[in-house]
Amino acid sequence: MSVSKKLKKDEQRKAHLIVTAVVILVATLIAFELSPFGGNVRFYAKWVECGRKPMAGGGELALGQEVISYKEPSAFQPLRFIQPEYFCTPLEAELAGYSASPNSYEFPNINSQ
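Summarised in this report is the structure supplied together with it. Quick caveat, the model's predicted, so the values are computed rather than measured. (Residues numbered from 1 in each chain as written. Predicted model: local features only at pLDDT ≥ 70, side-chain atom pairs only at ≥ 80, totals over all residues. Heavy atoms only, no water.)

### Overview of the pattern of salt bridges
Counted by the stated rule, this structure contains three salt bridges. Residue Asp 10 pairs with Arg 13 through a salt bridge whose shortest N-O separation is 3.7 Å. You can see Asp 10 and its partner Arg 13 sitting in helix α1 (residues 3-34), three residues apart, about one turn around the helix. Between Lys 46 and Glu 49 there is a salt bridge; the shortest N-O distance is 3.3 Å. Separated by three residues within a single helix, Lys 46 and Glu 49 lie in helix α2 (residues 40-50), roughly one turn from each other. Under the relative-accessibility criterion, Lys 46 is labelled buried at 18%. Here Glu 49 falls in the exposed class, since its relative accessible area comes to 59%. (Salt bridge = Lys/Arg side-chain N within 4 Å of Asp/Glu carboxyl O. Helix = DSSP H or I, 4+ residues; strand = E, 2+ residues; numbered from the N terminus. Buried < 20%, exposed > 50% of the residue type's maximum accessible area, 1.4 Å probe, protein only.)

Put into structure tokens, the structure is as follows:
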């Protein structure tokens, strides 16, 4: 076998390994995103559905906390371990039983109606 054929075969092998590594990486990222540890796709899909950044209800309930509240989540969060429920407006979150304050039951959007 000539030197040029051997080099060409080595280059093809390297290209094959790179393509395989990229495919495995993309598949792993998709599996991670669809797992309970990801969640960014669901967050951004709700953002598109609402036309604005959604409100997140619950999801970060601390031990002993009795009041479940909603808040505006950060736009970029690499890991969303606890999957909160998303609402388009604060009114929707309050109608679902989420308080505007984590310290006491406050429903300013319901009360203003």
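Picking up where we left off.
### Observations concerning the packing of aromatic side chains
Any pair of aromatic rings gets described here by the distance separating the centres and the angle formed by the planes. Tallying each qualifying case throughout the model produces six aromatic pairs. On the basis of an interplanar angle of 70 degrees and a centroid distance of 5.7 Å, the ring pair of Phe 43 and Trp 47 is categorised as edge-to-face. Of this pair, Phe 43 and Trp 47 both sit in helix α2, separated by four residues, roughly a single helical turn. Judged by its relative accessible area of 0%, Phe 43 falls in the buried class. Residues Phe 43 and Tyr 86 carry aromatic rings whose centres are separated by 5.4 Å and whose planes lie at 55 degrees to one another, so their mutual orientation is tilted. (Phe/Tyr/Trp six-rings, centres within 6.5 Å; stacked < 30°, edge-to-face > 60°.)

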